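Reading the structure
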Amino acid sequence: MIITIVGGGSTFTAGIVKSIALRRQELEVDEIRLFDIDKERQDKVGVLVDWILHEDLKCDIKLTVTTDVETAYTDASFIFAQMRVGKYAMREQDEKIPLRHGCVGQETCGAGGMAYGMRTIFPMIKVIDDAAKYARPDHWILNYSNPASIVSEACRRLRPDARIINICDMPIAIIDMVAAALGIKNKKEIVYDYFGLNHFGWFTSIEHNGKDIMNELRKYIMDNEILLPEAYLQANKAALPKDTNRHAKGSWYYVWKGVYEIMQNFPDTLPNTYLNYYLQQKEFVEHSDPTHTRANEVMESREKNLFEGIDRYIKTGEIDENIFYAGSHGDWIADLAIALKNDTKARFLVIVENRGALPNMPYDAMVEVPAYIGKNGPEVIAQKPIPLFQQGLMMQQLNCEKLLVEGCIEGSYQKVLEAFTLNKTIPSMKVAKEVLDDLIEANKEYWPELK
Ligand code: NAD
Ligand code: G6P
Ligand code: MN
């Protein structure tokens, strides 16, 4: 059984490999392959992965590190896709260019998310085609390359028969935080209902061992004026459990504060943290530093710690496990692969074509909803019709994403401009055009030509 990780040079690769290796019995994995287009970056990560597999966990999983497509995909059963097309250098542009125009500058939301989407659509189609050509006929691609919403819509349009499941770990991270806040030790006892688009959704019910905990949670958030537990607020002083510290530090603070602010006005549901960018777009811009954004925070911490730590290991032979992030993110991907392989019918949120699961959203919308996962893929759990407020917000965002994908495929400046104008984070048509024109210039190497 072969698992191929596309974007092998990612800051998350080591943690994911550790999760896979710890679950090797259930996954029956014989070989892990790393594939990337940046050889130097991936080779370094490969040194650490080799240590995890063969020194730390002493398992007999074979490791292959390659930039050759055929070597990467041949006979693979699973492809985990986590590319960042343009890497952090372009993430920085996605965040800073919109901010210069007074708009939300974010990796996956608003103008920056659309820019990242336009870079990622065709490389993702290539992954699907390469997998179809070389991997096992029953392979599964688990895609969490962002922006997952736009990427999944493009895959639906261009490769409707691809064996791909698009996923996101934000709801998992939110549930981790809920568990920590309410003192729930085993988060697997928590079951929830949720609807939305990716990075644009709401929890409608949360239960712990069958008991509704939404009221208790709402009270916690209102009393504490944030969802982050007190211990995490000391984040810069205290060493947090590894699972949680990524989403608890730096500018993520505002995101958790925003959950409280949104619930002050709309208390019925627990919002996904990403709704901040659409409902508090003005306030986000006001507290952002246009010269230092999340991309800079990540480059100065997660990326720096990882690659400096690997260099130190290469020089001295000494390793500190804290150089790489491990925990929830990788565990969740391993869990999903286990559900597919072993037909467990475990429950996950997935991004799938709606087909009536949200009765008052279009049939062909890519929506994020709960599903039972077995060997034939997701069996989606249909939800009730959604309220007009959320439906209105979702329709605006959905049509924006559909126009963007169409514009990208057709090379249509007009459609992409419509997408930018429709996006809720962009205040006017004039600003939409100015931001778009700057992003075209910055993305020359990556975007299709828009006419
Ligand atoms: P990173 O820059 O450290 O790693 C990404 C890797 O992708 C780089 O090594 C880069 O060279 C490689 N890459 C770029 N273009 C490629 C291509 N065409 N083919 C193969 N490899 C390519 O980024 P990161 O912060 O570790 O994140 C990796 C990805 O995972 C991003 O897309 C990020 O948004 C995504 N992510 C998604 C979720 C989710 O919930 N969906 C959660 C965490 C991270
Ligand atoms: C969450 C989201 C991901 C996103 C990540 C960014 O996990 O679900 O889609 O990529 O946050 O985290 P970062 O630490 O890179 O800002
Ligand atoms: Mn996500």
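Scoring rules and cut-offs
Residues numbered from 1 in each chain as written. Chains lettered and ligands numbered in written order. Predicted model: local features only at pLDDT ≥ 70, side-chain atom pairs only at ≥ 80, totals over all residues. Heavy atoms only, no water. Helix = DSSP H or I, 4+ residues; strand = E, 2+ residues; numbered from the N terminus. Contact = heavy atoms within 4.5 Å. Polar contact = N/O pair within 3.5 Å; in protein donor to acceptor, adjacent residues only side chain to side chain. Buried < 20%, exposed > 50% of the residue type's maximum accessible area, 1.4 Å probe, protein only. 1 Å grid on protein atoms, 1.4 Å probe; cavity = no way out; pocket = protein on both sides within 12 Å on 5 of 7 lines; lining within 4 Å. Points joined across faces, edges and corners; volume = space filled by probe spheres on them. Nonpolar A, V, L, I, M, F, W, Y, C, P; charged D, E, K, R; others polar. Phe/Tyr/Trp six-rings, centres within 6.5 Å; stacked < 30°, edge-to-face > 60°. Lys NZ or Arg CZ within 6 Å of the ring centre and 35° of its normal. Near = heavy atom within 4 Å. Core = buried A, V, L, I, M, F, W, Y, C linked by side-chain atoms within 4.5 Å. Areas by Shrake-Rupley, 256 points an atom, 1.4 Å probe, with all protein chains shown as cover.

1. Quick look at the environment of Q397
With respect to the helices and strands, the residue Q397 is situated in helix α17 (residues 388-410). Separated by 26 residues in the primary sequence, Q397 and N423 place their C-alpha atoms 6.4 Å from one another. Dropping the residues within four chain positions of it, Q397 is found in contact with L197, F200, Y278 and N423. Within the structure, Q397 has its side chain in polar contact with the side chain of Y278 (distance 3.3 Å). Polar side-chain contacts of Q397 include one of 2.7 Å to the side chain of E401.

2. A word on unusual backbone geometry
Cis geometry is adopted by the peptide bond preceding P147, which originates at N146 and carries an omega value of -10°. One can find P147 in the loop between β5 (140-143) and α7 (148-158). Although it is not a glycine, D343 sits at a positive phi angle of roughly 55°. Its location among the elements puts D343 in the loop between α16 (328-342) and β11 (346-353). Here K345, not a glycine, exhibits a phi torsion of approximately 60°, which is positive. By secondary structure assignment, the location of K345 is in the loop between α16 and β11. Of the residues examined, K345 reaches a relative accessible area of 36% and is grouped as partly exposed.

3. Comments concerning empty space enclosed by the protein
With the rule as written, the count across this model stands at three cavities of 30 Å³ or more. As a volume, the largest cavity reaches approximately 100 Å³. Secondary-structure elements contributing two or more residues to the lining of the largest cavity are α6 (110-134), α7 and α17. Partitioning the lining of the largest cavity into residue classes produces seven nonpolar, eight polar and one charged.

4. Notes on the packing of aromatic side chains
Counted by the stated rule, this structure contains 14 aromatic pairs. With 5.3 Å between their ring centres and 70° between their planes, Y192 and F203 make a pair best called edge-to-face. Placement of the pair is Y192 in strand β7 (residues 190-197) and F203 in strand β8 (residues 200-208), with a sequence separation of 11 residues. Here Y192 falls in the buried class, since its relative accessible area comes to 14%. One aromatic cluster is present, formed by F195, F200, W202 and Y278 through successive ring pairs. One cation-aromatic arrangement involves R163 over W140; the distance from NZ or CZ to the ring centre is 4.4 Å.

5. Things to note about the site of ligand 1
Neighbouring ligand 1 are 27 residues, the closest being S10, T11, M83, Y88 and Y116. Take S10: an N or O atom from its side chain is 2.6 Å from an oxygen atom of ligand 1. Here an oxygen atom of ligand 1 and a side-chain polar atom of R302 are 3.2 Å apart. Sorting the residues of the shell around ligand 1 by element identifies α5 (87-100) and α6 as the ones contributing at least two each.

6. Thoughts on the nonpolar core
Burial of nonpolar side chains together is a common tendency in soluble globular proteins. Grouped together as the largest cluster of nonpolar side chains are 107 residues, with contacts concentrated most on F80, I206, L227 and L270. Top element by residues in this core is helix α8 (residues 170-182). It accounts for 10 residues. The contact partners of L227, leaving out residues within four places of it in the chain, are I174, M177, V178, A181, L217, Y220, I221, W256, V259 and L270. Of all hydrophobic cores here, the second largest spans 27 residues; its members include I97, A154, L404 and L439.

7. What to know about α7
The buried count for α7 comes to nine of 11 residues, which makes it a mostly enclosed element. All of the buried residues in α7 are A148, S149, I150, V151, S152, E153, A154, C155 and R156.

8. A look at the site of ligand 2
Around ligand 2, a shell composed of 14 residues is seen, among which R91, N146, D169, R294 and R302 lie nearest. Within the side chain of R302, a nitrogen or oxygen atom sits 2.8 Å from an oxygen atom of ligand 2. Here ligand 2 has 390 Å² of accessible area as a free molecule, and 94% of this is covered by the chains. Of all the elements, helix α15 (residues 294-316) adds the most residues to the shell around ligand 2, at three residues. Residues belonging to the shell around ligand 2 are distributed by class as follows: five nonpolar, three polar and six charged.

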